[in-house]
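Single-letter residue listing:
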Amino acid sequence: MTDWIAEYVKVVRHLFPIMGRPEKAYLEHFSDHISECFEAQPPDSMDAIISQCGTPEDAVRGYLDATEPEYLITRIKNSRRWRRLAICSLVILLIAVVIFARLLWLEYSNYLNAIDDAFGYIIETME
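Reading the values: rules and limits
- Residues numbered from 1 in each chain as written.
- Predicted model: local features only at pLDDT ≥ 70, side-chain atom pairs only at ≥ 80, totals over all residues.
- Heavy atoms only, no water.
- Helix = DSSP H or I, 4+ residues; strand = E, 2+ residues; numbered from the N terminus.
- Buried < 20%, exposed > 50% of the residue type's maximum accessible area, 1.4 Å probe, protein only.
- Contact = heavy atoms within 4.5 Å.
- Patch = residues over 30% accessible without salt bridge, like charges linked within 9 Å, V, L, I, M, F, W, Y side chains within 5 Å.
- Areas by Shrake-Rupley, 256 points an atom, 1.4 Å probe, with all protein chains shown as cover.
- Salt bridge = Lys/Arg side-chain N within 4 Å of Asp/Glu carboxyl O.
- Lys, Arg positive; Asp, Glu negative; His and termini not counted.
- Charge placed at Lys NZ, Arg CZ, Asp CG, Glu CD.
- Core = buried A, V, L, I, M, F, W, Y, C linked by side-chain atoms within 4.5 Å.
- Polar contact = N/O pair within 3.5 Å; in protein donor to acceptor, adjacent residues only side chain to side chain.

**Q** Would you take a moment to explain the overall build of the protein for this structure?
**A** Helices and strands together make up the secondary structure of the protein, namely five helices and zero strands. Order of helices (α) and strands (β) in the protein, N terminus to C terminus: α-α-α-α-α. Expressed as a percentage of the 127 residues in the protein, the buried residues total 18%. Contacts in the protein between residues far apart in sequence, at least 24 positions, make up 73% of those at least 6 positions apart.

**Q** Whenever I open this one, a negative patch on the surface confuses me. Can you help?
**A** There is a patch of like negative charges on the surface, built from Glu28, Asp32, Glu36 and Glu39. Counting through the fold element by element, glutamate 36 comes out in helix H2 (residues 21-37). Since its relative accessible area comes to 56%, glutamate 36 is described here as exposed.

**Q** I tried to follow the pattern of salt bridges on my own but got confused; where do I start?
**A** Side chains bearing opposite charge may pair, as long as their charged atoms lie close to each other. As enumerated under the stated definition, the model contains one salt bridge in all. A salt bridge links aspartate 58 to arginine 61, with the nearest nitrogen and oxygen atoms 2.9 Å apart. Here aspartate 58 and its partner arginine 61 are both found in helix H4 (residues 56-66), three residues apart, which amounts to about one turn of the helix. Arginine 61 sits in the partly exposed class, given a relative accessible area of 45%.

**Q** In this structure, what is going on with a positive patch on the surface? I would like to understand it.
**A** Residues Lys77, Arg80, Arg81, Arg83 and Arg84 make up a contiguous surface patch of positive charge. Within the secondary structure, lysine 77 is located in helix H5 (residues 69-119). Judged by relative accessible area, lysine 77 falls into the partly exposed class, the value being 47%.

**Q** Where do I start with the nonpolar core in this structure?
**A** The nonpolar side chains of a soluble globular protein tend to be buried, and buried together. In this structure, Ile5, Tyr8, Val12, Phe16, Phe30 and Ile34 are the most contacted members of the largest nonpolar core, which totals 14 residues. Of all the elements in the fold, those that place two or more residues in this core are helix H1 (3-15), H2, helix H3 (46-53) and H4. When residues in this core are grouped by element, the largest group, four residues, is from H1.

**Q** Explanation requested: H3 in the structure shown.
**A** Because each turn of an α-helix spans 3.6 residues, side chains separated by three or four positions end up pointing in the same direction. Two or three places before aspartate 47, at the opening of H3, serine 45 has a side-chain oxygen 3.4 Å from that residue's backbone nitrogen. Positive phi shows up at glycine 54, right after H3, with a value of about 100 degrees.

**Q** Help me understand the environment of tyrosine 63 in this model?
**A** Within the secondary structure, tyrosine 63 is located in helix H4. Sequence-wise, tyrosine 63 and tyrosine 26 are 37 residues apart; in three dimensions their C-alpha atoms are separated by 8.2 Å. Among residues more than four places away in sequence, those in contact with tyrosine 63 are Phe16, Pro22, Glu23 and Tyr26.

Here it is, written out as structure tokens:
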């Protein structure tokens, strides 16, 4: 696979709204197909690939048109749910780390105060 074909497939890959097993299999088959098309004479630019195979948007649109709408809607909803779950988990983890750091700081300051009381100076004022 030449650099131009790899770049074209990379652009197509980034245009997919979701990336699961079926999409990866489609991209692998798509990549093989384009490589076979240009097996005799490798492309010299991205424009040569676009003129023969179409734009990357056309390739993605062809896949999405052939796919069931219910499948796409379900996958997009699930990806949004997983993203929200990941963000909420990270926020909860961040809050837990801040609370834990605050508790450690309080314990450390109590430890320093205990050292000052045990080995520190006692100053008494007499009047």
